[in-house]
There are 2 protein chains.
Amino acid sequence: MSLPSSSLTKVIEEYIAQLLDENEDGEVSLRRKDLAERFGCVPSQINYVLRSRFAPENGFLVESQRGGHGYIKVIQLTFNNCDEEVVHLADLVGNAITEQEARKLLVNLQNREVISPRERLIIEVALRSQEENGRSLFDVSPYRRDLMRAELLKKILTSLALG
Amino acid sequence: MSLPSSSLTKVIEEYIAQLLDENEDGEVSLRRKDLAERFGCVPSQINYVLRSRFAPENGFLVESQRGGHGYIKVIQLTFNNCDEEVVHLADLVGNAITEQEARKLLVNLQNREVISPRERLIIEVALRSQEENGRSLFDVSPYRRDLMRAELLKKILTSLALG
DNA sequence: TTGTTATTGACTTATACTGACCAAAATTAT
DNA sequence: ATAATTTTGGTCAGTATAAGTCAATAACAA
């Protein structure tokens, strides 16, 4: 049975994450070309990793500058107060969210230790239950279920952030 | 006893369960296509097995990724709580439960540190959300809401007990 | 029969990665 | 100074890959 091979993206992601860990100010500067060379890939692959792994929804900001002495800076986000975090989380969920997106978000939040595995489990049970009820008991349309899912998720995450 | 034993689903379920047992960390990564090939079925059959057997209600979390280097990860959560007790409490919930009774139960569980304050918060938000939807969106009768509340509560408590 | 569970396959969506082309900032030449 | 050149990084579309969804059907249990 072939196990999933580690992807380039993942390797690069872990490398950058490690650099961030080593730097206690939660930011690190990179050279796109150097990184690409180190991992034997095309430079735009780095952009892909940044876009898909170090996006704001994952709790990061990226700044960059072109030209001579250009750089890419990856910054780990931190929140000063609960309200900021609530707003951020609500933004991430948005008005409507699919099952897939919701699950991805929860994985993310757990990885970032915003929620515990147990908490994630409870939330998934709650979402699934609502989905089931909406689908088979009340005949709610798929899009409306996405709306309801977003509502519930936001309520839960908000309560956690404010609690 | 309902033994809806269809061999395929059961065989796949047992195979995944065995992989989980063998792995110390209680998680395993799969390739949907490989699994389907191994058991000579269509790939979506795997989704069926995961949905019906490795659901959060049963104490499992499933993460997945599509596309290149895609995978499916099944995680078996294991908590060191006294699960007989929680199962017993699921019995206590019964067929139907009122808001007040549910709240009392949750307070009790929190006092005995079976659940954390945050977990209780999530559960209460989920219950209240379902209550609201049932009441104002779907016009569910009070008694039926008590039934649904019991269902959700039991699902959540069971998921924690199985973990 | 009747309702639930299992199985399939056609169709949809998401992710990884590359390469050609674009844009901006610094350096150098005129 | 200013223009040309060099040094960076950015974008986008294309290709390949892998998982998810849904509805129809089959098998089974009550």
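See the structure printed just above.
Residues numbered from 1 in each chain as written. Chains lettered and ligands numbered in written order. Predicted model: local features only at pLDDT ≥ 70, side-chain atom pairs only at ≥ 80, totals over all residues. Heavy atoms only, no water.

## Considerations on the sheet that holds strand S1 (residues 27–30) of chain A
Residue and element names in this part refer to chain A.
So, point 1. Strand order in the open sheet formed by three strands is S1-S3-S2, with antiparallel pairing between adjacent strands. Of all the strands in the sheet, the pair left with one neighbour each is S1 and strand S2 (60–65). Taking each pair of neighbouring strands and ignoring which way they run, the sheet shows an average axis angle of 15°.
So, point 2. Examined bridge by bridge, S1 and strand S3 (residues 71–76) share four bridges and lie antiparallel to one another. Along S3, the bridge assignment pairs Ser 29 with Lys 73.
So, point 3. The strands touched by helix H1 (residues 8–22) within the sheet are S1, S2 and S3, with S1 carrying the most contacts at an inclination of about 130°. (Pairing = 2+ DSSP bridges. Helix = DSSP H or I, 4+ residues; strand = E, 2+ residues; numbered from the N terminus. Axes fitted to C-alpha atoms, helices over the stretch in contact; angles between N-to-C directions. Contact = heavy atoms within 4.5 Å.)

## Structural notes on the interface of chain A and chain B
So, point 1. Counting from both sides, the interface comprises 39 residues of chain A and, opposite them, 46 residues of chain B.
So, point 2. With both chains or domains summed, chain A and chain B bury close to 3600 Å², and 63% of this area falls on carbon and sulfur atoms.
So, point 3. Across the pair Arg 118 of chain B and Glu 119 of chain A runs a salt bridge, and its minimum N-O distance is 2.9 Å.
So, point 4. Inspection of the region where chain A meets chain B yields eight residue pairs in polar contact (both at pLDDT 80 or more).
So, point 5. Sorting the residues of the side of chain A that touches chain B by element identifies helix H5 (99–111), helix H6 (117–137) and helix H7 (142–162) of chain A as the ones contributing at least two each.
So, point 6. Element by element, the count of residues in the side of chain A that touches chain B is highest for H6 of chain A, at 15 residues. (Buried area = accessible area lost by both parts, 1.4 Å probe. Salt bridge = Lys/Arg side-chain N within 4 Å of Asp/Glu carboxyl O. Polar contact = N/O pair within 3.5 Å; in protein donor to acceptor, adjacent residues only side chain to side chain.)

## Some remarks on the environment of Arg 120 of chain A
So, point 1. Summarising the element assignment, Arg 120 of chain A is placed in helix H6.
So, point 2. For Arg 120 of chain A, a relative accessible area of 0% corresponds to the buried category.
So, point 3. Considered as a pair, Arg 120 of chain A and Asp 83 of chain A are 37 residues apart in the sequence and their alpha carbons are 21 Å apart.
So, point 4. Ignoring sequence-local partners within four residues, the contact set of Arg 120 of chain A consists of Leu 106, Val 107, Gln 110 and Ile 115 of chain A together with Leu 61, Val 62 and Glu 63 of chain B.
So, point 5. Engagement of the side chain of Arg 120 of chain A in a polar contact is seen with the side chain of Gln 110 of chain A, the distance being 2.5 Å. (Buried < 20%, exposed > 50% of the residue type's maximum accessible area, 1.4 Å probe, protein only.)

## Section: the sheet that holds strand S2 (residues 60–65) of chain B
Residue and element names in this part refer to chain B.
So, point 1. In spatial order, the strands read S1-S3-S2; together these three strands make up an open sheet with antiparallel pairing. Both edges of this open sheet fall to strand S1 (27–30) and S2, since each of them pairs with a single strand only. On average, adjacent strands in this sheet sit at an angle of 15° to one another, irrespective of strand direction.

## So, the pairing of strand S3 (residues 71–76) of chain B
All names here are of chain B.
So, point 1. Bridge count for S2 against S3 is six bridges, and the pairing is antiparallel. Within S3, the position partnered with Leu 61 by the bridge is Ile 75.
So, point 2. Between S2 and S3, which pair antiparallel one after the other, the connecting turn spans five residues, and Gly 67 there sits at a positive phi close to 70°.

## Comments concerning helix H1 (residues 7–22) of chain B
All names here are of chain B.
So, point 1. Helix length check: H1, at 16 residues, gives a terminal C-alpha distance of 22 Å against a target of 22 Å (1.5 Å per residue), a fit within 8%.
So, point 2. The set of residues buried in H1 consists of Thr 9, Ile 12, Tyr 15, Ile 16, Leu 19 and Leu 20. Down the axis of H1, the buried side of the element spans an arc of 140°, and every buried residue falls inside it. Exposed residues pointing more than 90 degrees away from the buried face of H1 are listed as Ser 7 and Asp 21.
So, point 3. Those residues of H1 that are buried lie in contact with S1, helix H2 (32–38), helix H3 (43–53), S2 and S3. (Expected span 1.5 Å × (residues − 1). Arc of directions from axis to C-beta.)

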